[in-house]
Structures are given as C-alpha cells and as structure tokens.
Number of protein chains: 2
Amino acid sequence: MAKKIGIVGGGVVGGGVYEILTSKFPHVCTVQSVAVRDLSKPRAWASAGTKFVDRWEAVVEDPEVEVVVEVMGGTTTAKECVFRALELGKAVVTANKALLAEYTDEVVGKAKGPLGFEAAVCGGIPIIATLQQHLAGDEISSVSGIMNGTTNFMLSKMESSNVDYGDVLKEAQELGFAEADPTADVEGHDVRAKIALLAKLAFGTTVSVEAIPTLGISRIQAVDFDYAKLLGATIRLLGTARKDGESLSVYVAPHVVPATHPAGFASATGPTNVVSIDSKQLGVASLRGAGAGRYPTARSIVADVLRVCAGATVPPFPDPNPNLTLTSDYASRFYVRVIAADQLGIVKAIGEMAERNVVSINAILQNPITDPTNMAFVVTTDAVKHSAVQAFAADVASAPFALSPPLVLNILD
Amino acid sequence: MAKKIGIVGGGVVGGGVYEILTSKFPHVCTVQSVAVRDLSKPRAWASAGTKFVDRWEAVVEDPEVEVVVEVMGGTTTAKECVFRALELGKAVVTANKALLAEYTDEVVGKAKGPLGFEAAVCGGIPIIATLQQHLAGDEISSVSGIMNGTTNFMLSKMESSNVDYGDVLKEAQELGFAEADPTADVEGHDVRAKIALLAKLAFGTTVSVEAIPTLGISRIQAVDFDYAKLLGATIRLLGTARKDGESLSVYVAPHVVPATHPAGFASATGPTNVVSIDSKQLGVASLRGAGAGRYPTARSIVADVLRVCAGATVPPFPDPNPNLTLTSDYASRFYVRVIAADQLGIVKAIGEMAERNVVSINAILQNPITDPTNMAFVVTTDAVKHSAVQAFAADVASAPFALSPPLVLNILD
C-alpha cells in the first residue's frame, strides 16, 4: 500500500520532491500534506488538491503521515520538527546538514525508525548510501572532497581566467552561485558541517563542528594559481577526514591538488562536487556530480523516501571506533605563500625560521620579480604538523620583509 | 538471526568474500558451505571448520542455505547453479556479468527473491546500486564509461609512454593485467556484456550482446595519441548506452575524449574504471574506482549480501520503456585516421568520398610529414551516422593512396 508522506518546507527543494513523488511514484507513496510558511504564496508545482498547512505540527502529528520529509532548513524550528517526528517513531528524511552535524548524537539517539539524509551532503551524489551500504565493514583511511559548489565555481574561474578573488566573488553573486553574504560558503563553514557528517559515517566518531580547523578561500589570489600551475597542480577547497594509525583528523582547507591525483579533483570545474574515499578493500574510489540544485537535491531525498517505502534502509551510522582519538594537529605537506618587499637575506631568514619551527622545506619557488616592493614567493614543506607550519607562518608574518601574513594551503600528495 | 550463506566458487573472489563475511559480519551471516572444484587444493583464507564440498548442488540444495553467492564464472555450470537457486526461491548474489548479459530475461523471470549483482559491472564501483536506488524514476539519457581495467591500463600507458600497441600489450601481460589470450578485453567483449547490463538498468531494455556494435583497441597506434593530443584529448575505450528521442543505441568503441570532459574520463589512468550517467534530474554524475581485483569485487558482493540480510533490496531492473527502439546506426562525431602514401590530390579525393557518403568533415589534421611513403593524417567529422562513416572509411580504404583500412574512432563531445 502506498505510504503517506508529509513534507515540511514548500521551497525549491520541497517543490521538487513533491513533483517527483507525485509524477513518478504515485503507486509507492502519496503526499498527504505540505507545511509552508506562507499559505497565500502561489506554488506552480502544486497540483490541485494538495493539502497545504502552515504549522509543521499539522504534518508531523498527523497520525496518517508515516514519513516526514524535512526541507525547511535551519536548526531551530527544523530541530523541533525533526525531533518530534523521531519521538513519534516516524521515518524521517532530511536535507538538513547543519541540524545533523550540530545534533548528531541526539538525532541518532532519538531515531527509532529509518532516518535518511542522502541530500544533506553533496545534494546529487549518492555518497551517504555508498558509505552506508557499499563500504560497510571496510576499513576507511580517508574521506575527502570538493563539497561546496560556490567555492569550486570561484576557484575554477580564478584558475581559468587569472582573475582575483574579489572579481570572481562578484561574478558568482551576479550569477546566483554565491549569496549576498557569502561567509558560510567562502569561509568553509558549509564544508565543515558536511565533513563532520562524513567523518561520522566513515569512522563512527562524532566530531563537533567547532573543533574542526577550517580555512576558507577568501585570501587566495591569482598568483597562487600561477604557483600551483608551476607545481603541476591547481587549488581546490577540500573537506577531509583522515585516519593515521589511531588518530583521526578532520579539517577544511584549500589544497594544492596535482592534475594527476587519482580522485580527479583538479578536473572538477564549476559547481561540481567530488568525494573520494580511500579504503583497505576498495582502494581509491570517487563520486562526482552536482552538489546542489533543486532536482539533484530532490532526487537524493526521493531515493531516501523510496528506500523507506521499500523497507530497504540500513543503520545510519557505524558504531564508533573506541580506539580512535581526534586530533586537530594533523600532518600534511604545506604551501606557504609570502608577499614581501625584496631585500637581501630573505632566503636565509626563511631557512632559520623553518629550522626553529622544525619545518622541513621542500622547495622555494620564485617567479621572475616584476615589482621588487611587492613580490610573491612560495615555500613548500615536507610533511609537517599543522601547528608547526602555523608557528612558522607567524614568524614569517613578523619578519621585516613580510607585507602581510603568509597564506598557508595544504598540498595533496 | 544470522542468515546462512552458501558460496559457489572457491577462487580469489570467493575467498575474499569468505574472509570479509566471516571476519567482519559474523553477527549478520554465517558461511554454511563453499563449493570448490578441487577439494584437495589448500586455501589459505579458509578458517578451521569451513565446510568444503565439490558439487554446487550440495550448496544450492542445502535447505539451510538462504543466500547463494555464485562466483565460479562461466555460462554453463554457473547457469545451472544460478537457475536452480532462483527456482528454489533463494536469494542469489552473483558477479557473473556474462551469464546475466546473455540470459537477462530468464534470470529476471526466474527470480522470486532478491537478486544482487553489484560485482558484475565494474567490481569496486557501486554503479548498480546507484542506478537502482539513486536514479529510480529519473529520466536517464546516457550511461557511458571506462569499464575495462586492462584496456585502460594499456591506453593510458600508450598515452604516457608513446609506445605502440604490441609493446604495451606485452607489458600488460607481463604485469598480469592482460591474459595470455587478451581477446575478451582488447576486442571489447568484456565491455559489451557490461554495457548490456547497464542499458537494462538504465532503460529497462534487454539488449542482446551480439547486437552491440563493438570495436576494440587493437588497431590503435601511438600516432593516434599524437592526434588526440592535438585535439586537446586522449583515447579511452567506452561502453555507451544512449537515448536520443525514442531510439536507444548501445555500442562499444574507443573514443577521443577531451581533457575537459566533465565525466573526468581523460584523467582516469591505469586500471581505473569510470562510469558516467547523464539524467534529467541529476545532470552528469560519475563514479570512479577500481574495476576489478579480489577485494574490490568481494566488497561489492558483500554489499549485496548485507542488503539481502537486511531485507534492503529493491527490484533489479526497471520496467522496459515500450516506446524505445534499439538502433545500431547511432550518430556521433568521428575520428578517421588514414595511413597513406603521400601524393597529389588526396585532400580532394577525401572531400569527394565524404560528400558522396554525406559525411560532413569538421577538420583535416596533418602533422609535418617525415616519411612521405608512410604518413598518417586524420579526418574529423561533424555528427554523422555510424553507417555513413563506415561507408566513407570503406571508400578511403579502396583509394590508391591508402596503405591500410582507416581506423575509425568516436569523438566524445
């Protein structure tokens, strides 16, 4: 018998879910009601007879509604709504990464029935199902990916057009790829919530979003793409959860990614997302596609709804690995770009600061100087601790030749 | 309660499945028995107490065995075994692409219970589950991919080392990537069976493997990579199932793939597989990873077994679309490489042959001639019918300047 679905949220994604479910799957489920903020707003996607209500309780507490689809977003009302639905033992499908990342353990604790959240990370890519089903019981060593379309659009535009950050942000805003306040995207907060969820899926560990070292893309300049190119690479913003021995590190940082890296990050341009998984049995696998958008996101929600309707769901998260310790001081190779006024002794000074901070230098790159009063050079390091490279960068920042604090990016091996 | 699993086939993959199930999932399932060809052969992966039998019937007809894992391969005994298990109403998990591709409708007709075959196409990549679950009800316009690790290893080696086909085949054989008789791989037969299955999954249409136009890689030479590079591209062997309006074309052919193509085919080197799906709601999505190997393949089988044990399976194939007609005469852009003895009037003759066969030429590419008695040039076409480019190539082959029949590759837009 067709299951009864209630949708909370009548925006772009909610409308997309409604359209797909009613046009393609009327034999599997029926949409009982849709809760919206403003009942008077016209909704082109709604067919005649759609029951709109303006209180989420009218959907969630309707005894006939078996599956609640939450697509309103936010962590206040949405939290009440999802928690209530879980308490009532209903199946819940949500796209709300912020809610899930912030209240992971409470959501898991309250869920008695199926919980679907494929749409919460990388809208159109089946990364959640892949981790839950395909990799169950495998030993994952890392999950890493391009998980924000706005910043990937901006970075790949900077790469192809040799323009600076400010110009490309303006263009992204004009095209509707970036919000008027772009902070959540460009400072990496969106990726932070996503990688927290993927870390939980891959390792079972609940990671507080505030504990995740996060660097965005707002200090990247055209010159950094010149240097990345010199390294046979480009720059992508990655969220990473990585296990080394028994320590787990989770971080968000722009990475210098080689063109030849097997995950294919470098060739992902525009608002594309790519998530790569490295595991003992599978080796490196990656999934690529649209990270957001009405229909890609709606499709992930529909896939969850169909799994719920078919009784084909699996546990949302694996058991935590009790031996794993979370560390924020992970090791990586780094790229340190310095803007300086040229003078004698810079290389010697850099060498001394590196030695003092136990940072092993791999190379110093310097394109021909056009303006000696304002020139950029790059120091690449061997694998060193994040804290060590930060201390090195702080030393460089206080040097007389430095015109601004250095930019530190990760280098992907 | 733990379900009882029977494994038919005690080779590399069967052993991998045994290892993963017994070490990671003893609470979910137990391996009741394993059928092997030779009981006396030592098997390092088997733990004490493993029940080996030498007749598949002893596994399949054991009333306690609920799930039969078939990993012996082939289409004779394996067919009897799988058909019998299905007739007995057991859940079947198989990696046997040849069997499934050749007997699709019979297998579907006999299956009363769950049928899992994630491992049958691209061993380690969850392409089957993605099509069955994530894309259910979406309108797919194409599925296309690099699905054979041996040939991708060979092509990417030819690309990076500028060596000819014979040398790279020898190297692949020495490294164990290619069989002593490499026909199934290099002539595209392996990909043909895989794309037949993916076509069934994407469009519901059963496609006979014999009806699939198939071209392998054995006539590709180092010079073709030079010309591909000139086109900002490289060469990859793709299996493709594509819907244009109401006609479906399924084919296997080496493609000239641009470095910038969003599926990332060009950056997939070595034995990597990449499958790309284009659908109405999702846009272009792709999955990349190991296509074969003991543990990647075993992992796909284990994922199926776990879905069966959790009752979390969905229908294997969608209903066929009755409006879809299969055509072998698909349209594409083509690359026609000619080996010729230089003489006056070649370009004019080529132009006349193209016109006669209604082939619209896009470009003629000619690197500086080093040996006028044996020189290669390339004609690229606009989108034309496969039959038209074949007729054009036959005309060129019979021209006095042609030293051998031209090589026709597809060009991926």
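Everything quoted here is computed from the prediction, not taken from an experiment.

Thresholds, definitions, all that
Residues numbered from 1 in each chain as written. Chains lettered and ligands numbered in written order. Predicted model: local features only at pLDDT ≥ 70, side-chain atom pairs only at ≥ 80, totals over all residues. Heavy atoms only, no water. UniProt positions renumbered as here; feature names shortened; annotations may be inferred. Helix = DSSP H or I, 4+ residues; strand = E, 2+ residues; numbered from the N terminus. Pairing = 2+ DSSP bridges. Contact = heavy atoms within 4.5 Å. Axes fitted to C-alpha atoms, helices over the stretch in contact; angles between N-to-C directions. 1 Å grid on protein atoms, 1.4 Å probe; cavity = no way out; pocket = protein on both sides within 12 Å on 5 of 7 lines; lining within 4 Å. Points joined across faces, edges and corners; volume = space filled by probe spheres on them. Least-squares fit on C-alpha atoms with pLDDT ≥ 70 in both. Domains from an automatic or database assignment. Buried area = accessible area lost by both parts, 1.4 Å probe. Salt bridge = Lys/Arg side-chain N within 4 Å of Asp/Glu carboxyl O. Polar contact = N/O pair within 3.5 Å; in protein donor to acceptor, adjacent residues only side chain to side chain. Buried < 20%, exposed > 50% of the residue type's maximum accessible area, 1.4 Å probe, protein only. Arc of directions from axis to C-beta. Disulfide = S-S within 2.5 Å. Core = buried A, V, L, I, M, F, W, Y, C linked by side-chain atoms within 4.5 Å.

A.B. asks: Can you explain the UniProt feature "domain: Aspartate/homoserine dehydrogenase NAD-binding" (unreviewed entry) in chain A? Please cite residues and give values.
C.D. replies: With numbering aligned to this structure, UniProt lists the feature "domain: Aspartate/homoserine dehydrogenase NAD-binding" (unreviewed entry) at residues 9-112 of chain A. From the first C-alpha to the last, residues 9-112 of chain A spans 23 Å; its make-up is 40% helix and 16% strand.

A.B. asks: Describe the sheet that holds strand β3 (residues 52-53) of chain A, and please don't skip the residues or the numbers.
C.D. replies: All names here are of chain A. If you walk across this open sheet you meet the six strands as β3-β2-β1-β4-β5-β6, and the pairing is parallel. Among the strands making up the open sheet, the edge pair consists of β3 and β6 (115-116). In terms of strand pairing, strand β5 (residues 91-94) meets β6 through two bridges, oriented parallel. Looking at the pairing, valine 93 lines up with glycine 116 of β6. Along the sheet, helix α12 (residues 294-309) contacts β1 (3-8), β2 (29-35), β4 (67-70), β5 and β6; its crossing angle with β5, the most-contacted strand, is approximately 165°.

A.B. asks: Give a description of empty space enclosed by the protein that names residues and reports values.
C.D. replies: Residue and element names in this part refer to chain A. Taken as a whole and judged by the stated rule, the model has four cavities of 30 Å³ or more. The space that makes up the largest cavity amounts to roughly 140 Å³. Surrounding the largest cavity, 14 residues form its lining, Leu115, Gly116, Gln132, Asp304 and Arg307 being those nearest its centre. Residue assignment for the lining of the largest cavity shows that the elements contributing at least two residues are β6, α6 (127-134) and α12.

A.B. asks: Which residues make up the UniProt feature "domain: Homoserine dehydrogenase catalytic" (unreviewed entry) in chain A, and what values do they have?
C.D. replies: Following the UniProt record, the feature "domain: Homoserine dehydrogenase catalytic" (unreviewed entry) maps to residues 126-306 of chain A here. Across residues 126-306 of chain A, helical content stands at 40% and strand content at 26%; the span's end C-alpha atoms are separated by 14 Å.

A.B. asks: Describe the relation of the copies chain B and chain A, listing the residues and the values that go with them.
C.D. replies: Once chain B is rotated about the relating axis by 180° and shifted along it by 0.0 Å, it coincides with chain A to within an RMSD of 0.0 Å. Considering both components of the superposition, the chain copies are consistent with a two-fold axis. Across chain B, the rotation axis passes nearest the C-alpha of alanine 312 of chain B, at a separation of 1.7 Å. Looking at chain B, 100% of its interface residues are interface residues in chain A too, so the copies touch through the same face.

A.B. asks: How would you sum up the sheet that holds strand β1 (residues 3-8) of chain B? Please name residues and give values.
C.D. replies: Adjacent strands of a sheet form backbone hydrogen bonds with each other and so pair up, either parallel or antiparallel. All names here are of chain B. The strand order across the open sheet built from six strands is β3-β2-β1-β4-β5-β6, with neighbouring strands paired in parallel fashion. The outermost strands of the open sheet, each flanked by one partner alone, are β3 (52-53) and β6 (115-116). In the sheet, strand β2 (residues 29-35) pairs with β3 via two bridges, with the strands oriented parallel. Paired with valine 34 across the two strands is phenylalanine 52, which belongs to β3. Strands in contact with helix α1 (residues 12-24) are β1 and β2; relative to β2, the strand with the most contacts, it is inclined by about 155°.

A.B. asks: So, the domain arrangement of chain A: which residues are in play, and what are the values?
C.D. replies: Domain annotation for chain A reports domain 1 (3-113), domain 2 (127-291) and domain 3 (331-411). For domain 1 of chain A and domain 3 of chain A, the distance between their C-alpha centroids amounts to 51 Å.

A.B. asks: Run through the interface of chain B and chain A, naming residues and quoting values.
C.D. replies: Of the residues lining the interface, 39 residues belong to chain B; the matching set on chain A comes to 39 residues. When the area that chain B buries against chain A is broken down by residue, the three leading residues are His134, Gln281 and Arg299 of chain B, summing to 24%. Taken together, chain B and chain A are joined by four salt bridges. Note that lysine 24 of chain B is salt-bridged to glutamate 139 of chain A, the shortest N-O span being 2.8 Å. Applying the counting criterion to the chain B and chain A interface returns 19 residue pairs in polar contact (both at pLDDT 80 or more).

A.B. asks: Account for helix α3 (residues 77-87) of chain A, with residues named and values stated.
C.D. replies: Residues that lie three or four places apart on an α-helix share one face, since the helix turns once every 3.6 residues. For α3 of chain A, the full list of buried residues reads Ala78, Cys81, Val82, Phe83, Ala85 and Leu86 of chain A. In the stretch just after α3 of chain A, glycine 89 of chain A is the one whose phi turns positive, near 75°.

A.B. asks: Please set out helix α8 (residues 165-174) of chain B residue by residue, giving values where relevant.
C.D. replies: Residue and element names in this part refer to chain B. What α8 keeps buried is the set Tyr165, Val168, Leu169 and Ala172. Along the axis of α8, the buried positions cluster into a sector of 105°, meaning they face one direction only. Across from the buried face of α8, at angles greater than 90 degrees, the exposed residues are Asp167, Lys170 and Glu174. Buried residues along α8 sit against α7 (149-161) and α9 (183-186). The positive-phi residue at the C-terminal boundary of α8 is glycine 176, with phi of around 85°.

A.B. asks: Which residues make up the state of the cysteines, and what are the values?
C.D. replies: Residues and elements named next belong to chain B. Using the criterion set out here, one finds zero disulfides over all chains in the structure. With no disulfide of its own, cysteine 81 has cysteine 309 as its nearest cysteine by sulfur position, at a separation of 17 Å. For cysteine 81, a relative accessible area of 0% corresponds to the buried category.

A.B. asks: Go over the pattern of salt bridges, please, and point to the residues and values.
C.D. replies: Counted under the stated rule, the structure contains 43 salt bridges over all chains. The partner of glutamate 174 of chain A in a salt bridge is lysine 170 of chain A, with the nearest N and O atoms 3.9 Å apart. Of this pair, glutamate 174 of chain A and lysine 170 of chain A both sit in helix α8 (residues 165-174), separated by four residues, roughly a single helical turn. Residues lysine 4 of chain B and glutamate 64 of chain B are paired through a salt bridge, measuring 2.9 Å at the closest nitrogen-oxygen approach.

A.B. asks: So, the environment of alanine 363 of chain A: which residues are in play, and what are the values?
C.D. replies: Residues and elements named next belong to chain A. Looking at the element boundaries, alanine 363 is found in strand β14 (residues 361-365). Since its relative accessible area comes to 22%, alanine 363 is described here as partly exposed. Between the C-alpha atoms of alanine 363 and threonine 381, which are 18 residues apart in sequence, the distance is 6.9 Å. With near-sequence residues (within four places) excluded, alanine 363 lies in contact with Val378, Val379 and Thr380.

A.B. asks: Please set out the nonpolar core residue by residue, giving values where relevant.
C.D. replies: Leu198 of chain A together with Leu198 of chain B are the most contacted members of the largest nonpolar core, which has 166 residues in total. Residues Ile5, Ala119 and Val302 of chain A together with Ala136 of chain B belong to the second largest nonpolar core, which totals 26 residues.

A.B. asks: I'd love a proper account of the pairing of strand β13 (residues 331-340) of chain B, names of residues and values included.
C.D. replies: Residue and element names in this part refer to chain B. Of all 10 residues making up β13, eight are buried, and the element is well covered by its neighbours. Two elements, β13 and strand β16 (residues 384-385), share two bridges in a ladder whose sense is antiparallel. Bridge pairing links alanine 331 to lysine 385 in β16. Relative to strand β17 (residues 407-411), β13 runs antiparallel, the two being bridged by five bridges.

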